[in-house]
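Geometric and topological summary
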Amino acid sequence: MHLNLTLRSLLPTFVPAGFVDVGHSVVRDANTGKNLVIVDSVQSISNHLEATLIAQPGQVIVGLEELPFVRLTITDPNGRSRTTSSLELPHRLASGWFCRAKELKNFQEELSQRILDEGIAAATFRYCPNSLLHGVFYSQLGGLNPNIAKTARLLTAEVVAYGGQSVSDGGVAKDPATVNGKEFDVEGHFPKREQDKEKSEKTIAKDNPASRVGLGYIPYRHQAFIAERIELAVYLAEGRISRLLVPDPAKEVLRLLARFKLSLMLAEPIDLRAHCIFQAETIPPELSDPDELMRQLAQALEHCRSQHLFADPLVTEFALTLEASKEKGKRAKAAATAGDEDGE
C-alpha cells in the first residue's frame, strides 16, 4: 500500500516539527527548486498512529481486547504509581524497561530464547504485534547478535509541505504586575529553590531577576509556514510482510492493524501539535470505515489466538518499584550530618 494524501491546514499557517540544533528541516527540492519542509517526521507519525489504540495509559480502546502487548506499572520512591506499555514507550517492546530491568530477568531470557528459536518476527509478534509493525531493535537485550536483534519498520509515514515559505513574527507576553522586577525585591518574595542554589550564578539573569522566577515581560520570536501543498505519504511494506517468518494469520493481523490505525487517524483532524492541525481532503475507500476494519482485525486477532500465536495471557504484566537514587541519598545524608554539626 502506497498513498499520497493531500492535507488541508485548518489554520492559515502551520508550525512544522523543530529539531534540536537544527530547527525546522527545510531543503530545496532538486526537481522544482522550491522549498520542501518536513512537517512531521516518520518517528513522530508512528507515535500518533500508536496513540489511536490507547484509551488511557496501559489500556487499549474498546474492541481491541484481543491485541497482545506488555504492560508495566512503575512505582517511584515516593509511592506514586503510573502505568505504561509497549504501545507507548520509546522503542516499544525493545524498551530498556523491558530489556534491562533486573526484575524482569526471566522475561528477558525468555524473549531472547524465542528470538533465537523462532526468529525476531514471531517472537515480537507473540508479545506485541504493534512493535513488529513499527520496527524494533533489541540493543538492550543480552545474548543476541546485533544482526538478528532488529527488524525494520513495516509501516512508514511522514507529512511534507511543498513550496513552503516561512512567516516570522513575534511579540511580548505581558505581566500585569511588572516589566522586569526591578521595582521590588524579587529575592525577598521568591527565595531560591534548593535545586537553584546548586546552580552557578552565571545561570541567573542578574539584569532581570524576575525572568528567573517566571515573572515580567517575555519577548518571543515565532516562525510559522505556508505552503503550496501539504501531503501525508504512507507506505506499508506488504512485500516484506509476505516474506516474514510468521504464519499467514499473523501477516493478516499486521496488514489490518496498519490500515485500522490509519483509518482512525484520518477520521478526524490530524492534530500533530499546537498550530499544526490538518484534515485529509479525501480518504481512500479502504481506510474510510474504521468500524469495519476493527471488526476484521478483531476476527484476525481471534484467529491468531486460536492458533496459539500470542502470549497467554494476552497482556503480559509487570510491576517495578524504583529506589531513590544513590546521589539523592548521599545529599540527604550530608544535609543530616550538617544539621547535627550545627546542633552541636
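See the structure printed just above.
Let me sum up the structure you'll find in this document.

Parameters and conventions
- Residues numbered from 1 in each chain as written.
- Predicted model: local features only at pLDDT ≥ 70, side-chain atom pairs only at ≥ 80, totals over all residues.
- Heavy atoms only, no water.
- Buried < 20%, exposed > 50% of the residue type's maximum accessible area, 1.4 Å probe, protein only.
- Helix = DSSP H or I, 4+ residues; strand = E, 2+ residues; numbered from the N terminus.
- Contact = heavy atoms within 4.5 Å.
- Axes fitted to C-alpha atoms, helices over the stretch in contact; angles between N-to-C directions.
- Parallel < 35°, antiparallel > 145°, perpendicular 65-115°, else oblique.
- Nonpolar A, V, L, I, M, F, W, Y, C, P; charged D, E, K, R; others polar.
- Pairing = 2+ DSSP bridges.
- Expected span 1.5 Å × (residues − 1).
- Arc of directions from axis to C-beta.
- Polar contact = N/O pair within 3.5 Å; in protein donor to acceptor, adjacent residues only side chain to side chain.
- Phe/Tyr/Trp six-rings, centres within 6.5 Å; stacked < 30°, edge-to-face > 60°.
- Lys NZ or Arg CZ within 6 Å of the ring centre and 35° of its normal.

**Brief notes about helix α1 (residues 42-51)**
Along α1, the positions that sit buried rather than exposed are V42, S44, I45, S46, L49 and E50. Its buried side turned inward, α1 meets β5 (35-40), β6 (54-56), α5 (129-134), β12 (155-162), α10 (248-266) and β16 (270-273).

**A few points about the packing of α1 against α10**
Pairs of packed helices are described in terms of their axes, by the angle between the two and the distance that separates them. For the pair α1 and α10, interaxial distance at closest approach is 8 Å and the crossing angle is 90°. By the criterion of interaxial angle, the relationship of α1 to α10 is roughly perpendicular. Of the residues in α10, those touching α1 at H48, L49 and E50 are K261, L262 and M265. Looking at the contact of α1 with α10 residue by residue, the classes come out as three nonpolar, one polar and two charged.

**What to know about the pairing of strand β1 (residues 2-9)**
Burial along β1 is one-sided: the residues L3, L5, L7 and S9 are buried and none of H2, N4, T6 and R8 is. With six bridges connecting them, β1 and strand β15 (residues 229-236) associate as antiparallel partners. Paired with L7 across the two strands is I230, which belongs to β15. Note: β1 against strand β17 (residues 276-280), three bridges, orientation antiparallel. Residue pairing across strands places R8 opposite Q279, the latter belonging to β17.

**Here's the deal with helix α11 (residues 290-306)**
Between its first and last C-alpha, α11 extends 24 Å over 17 residues, near the 24 Å set by a 1.5 Å rise per residue. Buried residues of α11: P290, L293, M294, L297, A300, L301 and C304, and no others. All buried residues of α11 lie within an arc of 130° about the axis, which places them on one face of the element. Once α11 finishes, H308 follows within two positions and takes phi at roughly 60°, a positive value.

**Some words on the side chain of N130**
Checked against the element boundaries, N130 lands in helix α5. A polar atom in the side chain of N130 sits 2.5 Å from the side chain of K261. With residues up to four places along the chain from it excluded, the contact list for N130 reads E50, L53, L87, R92, L257 and K261.

**A word on the sheet that holds β5**
Here seven strands make up an open sheet; going across it, the order is β4-β5-β12-β15-β1-β17-β16 and the pairing antiparallel. Two strands in the sheet have a free side with no partner beyond their single neighbour: β4 (26-28) and β16. Put simply, the sheet's adjacent strands are angled 35° from each other on average, direction ignored. Where β5 and β12 come together, four bridges link them in antiparallel fashion. Residue V37 lies in a different strand from β12, and its bridge partner there is A161. The sheet contacts of α1 involve β5, β12 and β16, and relative to β12 the element is tilted by about 120°.

**Some details on the packing of aromatic side chains**
Across all of its chains, the model carries five aromatic pairs by this definition. Three or more aromatic residues joined by ring pairs make a cluster, and in this case those are F14, F225 and F278. Stacked on the ring of F137, the Lys or Arg K150 has its end atom at 5.3 Å from the ring centre. The ring of Y162 carries R229 above its face, with NZ or CZ at 4.2 Å from the centroid.

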